[in-house]
Amino acid sequence: MKEPSHDLNILDTNPLSQTRRASIFSAYPPEETIFGGAFLTAFSLLQLPYERINGNPVPTVIFKDKPSFFHAFLLALNVAFSSAVITMSLRDICPRLTRHSRRLSIVSMATAVGIVGWLVLASSFSLL
């Protein structure tokens, strides 16, 4: 009588090892958070009081007498919004492009937050 062969691979089959690890990005993808944040920021900018500097409207709340910072903020916000939309649109079609677009979205949103943070910090300590 032949003995049954003991296959060691049977012991290694763990259903959790074959599934993808859950991460915070699967529950709350950063591109969707950036999309919503940029969308709400753009609409909240419309509610702020403006003054005209060199013919361009600039909000008087944070960006008073600093139109270049305001334009840099708008550019970073626009790039973050656009790359978040590209990431959400091409998620399943082209994963490599999605990764690069997600990184660009995160960096752009961090830049926009950094500009506002710098202006708030500088105005509170009278640096600018």
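Residues numbered from 1 in each chain as written. Predicted model: local features only at pLDDT ≥ 70, side-chain atom pairs only at ≥ 80, totals over all residues. Heavy atoms only, no water.

Undergrad: Any details on the nonpolar core? Residues and values, ideally.
TA: Nonpolar side chains tend toward joint burial in soluble globular proteins. Phe 63, Phe 73 and Met 109 are the most contacted members of the largest nonpolar core, which totals 16 residues. Broken down by secondary-structure element, the contributors of at least two residues to this core are helix 3 (30–45), helix 4 (67–89) and helix 5 (95–124). With six residues, the single largest contributor to this core is helix 4. In this view, Phe 73 contacts Thr 41, Leu 45, Phe 63, Ala 112, Ile 115 and Val 116; residues no more than four positions away in its chain are not counted. (Core = buried A, V, L, I, M, F, W, Y, C linked by side-chain atoms within 4.5 Å. Buried < 20%, exposed > 50% of the residue type's maximum accessible area, 1.4 Å probe, protein only. Helix = DSSP H or I, 4+ residues; strand = E, 2+ residues; numbered from the N terminus. Contact = heavy atoms within 4.5 Å.)

Undergrad: Which residues make up the pattern of salt bridges, and what values go with them?
TA: Throughout the structure, instances matching the rule amount to four salt bridges. Measuring nitrogen to oxygen at the nearest pair gives 2.8 Å for the salt bridge that ties Glu 31 to Arg 102. Linking Glu 31 in helix 3 with Arg 102 in helix 5, this pair joins segments that are 71 residues apart in sequence. Given the relative accessible area of 1%, Glu 31 is considered buried. (Salt bridge = Lys/Arg side-chain N within 4 Å of Asp/Glu carboxyl O.)

Undergrad: Requested: an account of the packing of aromatic side chains, with residues and values cited.
TA: If you walk through the whole model with that rule in mind, you get five aromatic pairs. Plain terms: the ring middles of Phe 35 and Phe 39 are 6.2 Å apart, the flat faces sit at 20° to each other, and that makes the pair stacked. Of this pair, Phe 35 and Phe 39 both sit in helix 3, four residues apart, which is roughly one turn of the helix. Given a relative accessible area of 41%, Phe 39 falls into the partly exposed group. Ring geometry for Phe 35 versus Phe 81: centroids 5.1 Å apart, planes at 20°, classification stacked. Of this pair, Phe 35 sits in helix 3 while Phe 81 sits in helix 4, placing them 46 residues apart in sequence. For Phe 81, a relative accessible area of 27% puts it in the partly exposed group. Chaining the aromatic ring pairs together yields one cluster made of Phe 35, Phe 39, Phe 43 and Phe 81. (Phe/Tyr/Trp six-rings, centres within 6.5 Å; stacked < 30°, edge-to-face > 60°.)

Undergrad: Mind laying out the packing of helix 3 against helix 5, listing which residues take part and the relevant values?
TA: It is the contact of helix 3 with helix 5, at a shortest axis distance of 10 Å, that shows an interaxial angle of 40°. Classified by the angle between their axes, helix 3 and helix 5 sit oblique to one another. Judged by the sense of rotation from one axis to the other, the crossing of helix 3 with helix 5 is left-handed. Along the contact surface, helix 3 presents Pro 30, Glu 31, Ile 34, Gly 37 and Ala 38, while helix 5 presents Arg 102, Ser 105, Ile 106 and Met 109. Split into classes, the residues belonging to the contact of helix 3 with helix 5 amount to five nonpolar, two polar and two charged. (Axes fitted to C-alpha atoms, helices over the stretch in contact; angles between N-to-C directions. Parallel < 35°, antiparallel > 145°, perpendicular 65-115°, else oblique. Left-handed = near helix turned anticlockwise from the far one by under 90°. Nonpolar A, V, L, I, M, F, W, Y, C, P; charged D, E, K, R; others polar.)

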